[in-house]
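Listed below, chain by chain, are the residues.
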Amino acid sequence: MLKRVMFISLMLITGISLLSALELLGAGATFPYPLYSKMFDVYSKTGDKVNYQAIGSGGGIKQLIAKTTDFGGTDAIMSAEEDNEAGSPVIHIPTCLGAVVVSYNLPLSQTLKFTPEVIADIFLGKITVWNDSRISAINPGVKLPKLPITVVYRSDGSGTTYIFTEYLDKVNQDWSKTVGHGKSVKWPIGIGSKGNPGVSGTVNQTPGAIGYVELIYALSNKMPYASIKNKSGKFITPNLKSVSLAGAKGIPADTKVSLTNTEAKDGYPISSFSWIILYKEQNYNNRTAEQAKKTVELIKWMVTEGQKYNSTLDYAPIPKDSQTKALALLKSITYKGKPVLK
C-alpha cells in the first residue's frame, strides 16, 4: 500500500498522467508464471504495465487478503478459512489449464510409466530404490539402475503441491490417512525447494531425484517426465490434448472445480485450472474507479485475446464453457456497487 501511495504522490508532484502510467500489481502461483510473463509483457505494450511476482499460490492468496495487490494467482481454490479472512467475496477466474508432471533424473532413453500406487509409495518413502520390482513390473524392458530415490518437494505454500497432493489423496488410502492434501503438507521424506524453478533445478542437479513440477518447467529444462495411469486404466502422456480433455467437461458457475483423477477416458490425471483471484467489490483501500476498471480489463483480455498465447507455452486454453462463465463473473464485479464492465 505504501508503495502505491508513494507512486501516486510522485505522479501528482511531477504532473505525469496517473492513468497513462498505472501499474497493476499481482502475485502468486508459479505454475502459470511462464504464461503470465508472456501475457503481461504483451499487454504492457498497450500502456498498462503489470508487475507480477511468482511467490506461490499461498503467498498470492495472502497478499490479496492483505489487500496489497490488485489480483492474485492461484492453482488452488481458496479454502473456507481463507474466504472468511478475505472479509468479502473473492471471485476465481480461470486463465489456463496445465499439467503437474512427475519428473526424474535417470540415465534412461525410455519414458517411464507410473501407476498411482507407485507414485504414492515413492513419495511416502515405501519405494526407495529405482530398480524396485514394483517400478520394474510396469516398465518391462527398461533397465532401471540400482540407485537411491531422492524425493524433492515444494518448500513454499504452493498450488502445484495442492494439485499433486489432492491427486494422491484421491487415489491412495495410505496417503489420504497419513498426509492428505493442501498447499503445504508434512512430507514423510525428501528435500524441499522453493517454487517450480527450485524443484526443477534440484531434480536436474541430483542423480536419482524425483519431483513434481508444471509441464513447462520440465520441458524448458529438458527433464524427462512419466506417463501416468489414469482412472480409465490408460497410461497418459501429459500434453495439450490430454490436459484439454481433462478440463473439457462443463464447470460450475463459480468455476471452482477439481480436475485431478479425471473421468475423461484419455485425460491426463494430474491436470488443473489456474485462476486469477480478485475482490468482487473493488472499492477498498482507497482504490480508484479507474484502477478497478483497468484491473478487470486486464483479466478480461487474459481470458479472451490473451488465450492465443496458451498453446505456444504448453498450457491448454480454457474451454468455451469456462470462458463464458469467467466473463459472466467479470461482469459481476462492482465498484461502489456499480458494475465495472459495461
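Given the structure is predicted, the values throughout are model-derived calculations rather than measurements. (Residues numbered from 1 in each chain as written. Predicted model: local features only at pLDDT ≥ 70, side-chain atom pairs only at ≥ 80, totals over all residues. Heavy atoms only, no water.)

1. Here's the deal with the overall build of the chain
Here's step 1: Per the secondary structure count, the chain includes 14 helices and 13 strands.
Here's step 2: For the chain, the C-alpha radius of gyration of 21 Å lies close to 20 Å, the compact-globule estimate for 342 residues.
Here's step 3: In terms of principal-axis extent, the alpha carbons of the chain reach across some 70 × 40 × 35 Å.
Here's step 4: Look at the contacts in the chain between residues 6 or more apart in sequence, and 73% of them connect residues 24 or more apart.
Here's step 5: Roughly 14600 Å² of accessible area belongs to the chain as shown, and the carbon and sulfur atoms make up 55% of that amount.
Here's step 6: Each charge sign in the chain was given a centre, from 38 positive and 26 negative side chains, and these centres are 3 Å apart. (Helix = DSSP H or I, 4+ residues; strand = E, 2+ residues; numbered from the N terminus. Rg over C-alpha atoms; globule rule 2.2 N^0.38 Å. Contact = heavy atoms within 4.5 Å. Areas by Shrake-Rupley, 256 points an atom, 1.4 Å probe, with all protein chains shown as cover. Lys, Arg positive; Asp, Glu negative; His and termini not counted. Charge placed at Lys NZ, Arg CZ, Asp CG, Glu CD.)

2. Looking at the pattern of salt bridges
Here's step 1: A full pass over the atoms with the stated rule returns 13 salt bridges.
Here's step 2: A salt bridge links aspartate 266 to lysine 234, with the nearest nitrogen and oxygen atoms 2.8 Å apart. Within this pair, whereas aspartate 266 is found in the loop between helix 12 (240-246) and strand 11 (271-279), its partner lysine 234 is found in the loop between strand 9 (227-229) and strand 10 (235-236), the two being separated by 32 residues in sequence.
Here's step 3: Owing to a relative accessible area of 31%, lysine 234 belongs among the partly exposed residues under this scheme.
Here's step 4: In the salt-bridge network here, residues are joined through shared partners; they are Asp48, Glu290 and Lys294. (Salt bridge = Lys/Arg side-chain N within 4 Å of Asp/Glu carboxyl O. Buried < 20%, exposed > 50% of the residue type's maximum accessible area, 1.4 Å probe, protein only.)

3. Quick notes on the side chain of serine 322
Here's step 1: Topologically, serine 322 is positioned in helix 14 (residues 320-331).
Here's step 2: With a relative accessible area of 1%, serine 322 lands in the buried category.
Here's step 3: Setting aside its immediate chain neighbours within four residues, serine 322 contacts Pro94, Ile251 and Phe273.

4. Re the confidence of the model for the chain
Here's step 1: Looking at the chain, pLDDT values average 93 and 94% of them are 70 or higher.
Here's step 2: Within the model, pLDDT remains below 50 along residues 1-19, and this stretch shows 20 contacts once partners closer than five positions in the same chain are excluded. (pLDDT = per-residue confidence, 0-100.)

5. Comments concerning the nonpolar core
Here's step 1: If you look at the biggest cluster of nonpolar residues, it comprises 92 residues, and the most contacted ones within it are Phe114, Ile122, Phe123, Phe164 and Ile210.
Here's step 2: Counting residues per element, this core draws most heavily on strand 4 (residues 90-104), which supplies nine residues.
Here's step 3: Counting nine residues, the second-largest nonpolar core is a separate cluster that includes Ile65, Met78, Ala86 and Ile277. (Core = buried A, V, L, I, M, F, W, Y, C linked by side-chain atoms within 4.5 Å.)

6. A closer look at the sheet that holds strand 6 (residues 150-154)
Here's step 1: Spatial ordering of the open sheet is given by 2-1-3-11-4-8-6-7, a layout of eight strands whose pairing is mixed. Across the chains shown, the open sheet's two edge strands, defined by having one partner strand only, are strand 2 (49-54) and strand 7 (191-193). Averaged over all neighbouring strand pairs, the angle between strand axes comes to 25 degrees, with direction disregarded.
Here's step 2: Contacting strand 4 and strand 11, helix 14 crosses the sheet at an angle of about 140 degrees to strand 4. (Pairing = 2+ DSSP bridges. Axes fitted to C-alpha atoms, helices over the stretch in contact; angles between N-to-C directions.)

7. Considering the pairing of strand 1 (residues 23-28)
Here's step 1: Along strand 1, five of the six residues are buried, which leaves the element largely enclosed by surrounding structure.
Here's step 2: Summarising the sheet, strand 1 and strand 2 pair through six bridges and their orientation is parallel. Residue glycine 28 lies in a different strand from strand 2, and its bridge partner there is alanine 54.
Here's step 3: Handedness of the crossover joining strand 1 and strand 2 through helix 3 (residues 33-44) is recorded here as right-handed.
Here's step 4: As paired strands, strand 1 and strand 3 (residues 71-74) are joined by three bridges and run parallel to one another. Within the sheet, the bridge partner assigned to alanine 27 lies in strand 3 and is glycine 72. (Right-handed = clockwise from strand over helix to strand, strands pointing away.)

8. Details of the packing of aromatic side chains
Here's step 1: Inspection of the entire model under this criterion finds 20 aromatic pairs.
Here's step 2: Between the aromatic rings of phenylalanine 164 and tyrosine 212, the centroid separation amounts to 4.5 Å while the plane-to-plane angle is 10 degrees, which identifies the pairing as stacked. Here tyrosine 212 lies in strand 8 (residues 209-214) and phenylalanine 164 lies in helix 8 (residues 159-171), a separation of 48 residues in the sequence. The same class applies to phenylalanine 164 and to tyrosine 212, which are both buried.
Here's step 3: With a centroid separation of 5.8 Å and 65 degrees between ring planes, the pair formed by tryptophan 175 and tryptophan 187 is classed as edge-to-face. With tryptophan 175 in helix 9 (residues 173-178) and tryptophan 187 in the loop between helix 9 and strand 7, this pair connects stretches of sequence that are 12 residues apart. Neither tryptophan 175 nor tryptophan 187 differs from the other in exposure class; each is buried.
Here's step 4: In textbook terms, an aromatic cluster arises when at least three aromatic residues are bridged by ring pairs, as seen for Phe123, Tyr153, Phe164, Trp175, Trp187 and Tyr212.
Here's step 5: Here the guanidinium or amino end of lysine 113 rests over the ring plane of phenylalanine 235, the centre of that ring lying 5.2 Å away. (Phe/Tyr/Trp six-rings, centres within 6.5 Å; stacked < 30°, edge-to-face > 60°. Lys NZ or Arg CZ within 6 Å of the ring centre and 35° of its normal.)

9. Topic: unusual backbone geometry
Negative phi characterises most residues that are not glycine, and trans characterises most peptide bonds.
Here's step 1: Its identity is not glycine, yet lysine 222 carries a phi of approximately 55 degrees, on the positive side.
Here's step 2: Along the polypeptide, lysine 222 turns up in the loop between helix 11 (215-220) and strand 9.
Here's step 3: A relative accessible area of 75% means that lysine 222 is categorised as exposed.
Here's step 4: Residues other than glycine seldom take positive phi values, yet asparagine 285 does so here, at roughly 50 degrees.
Here's step 5: The residue asparagine 285 is located in the loop between strand 11 and helix 13 (289-303) in this model.

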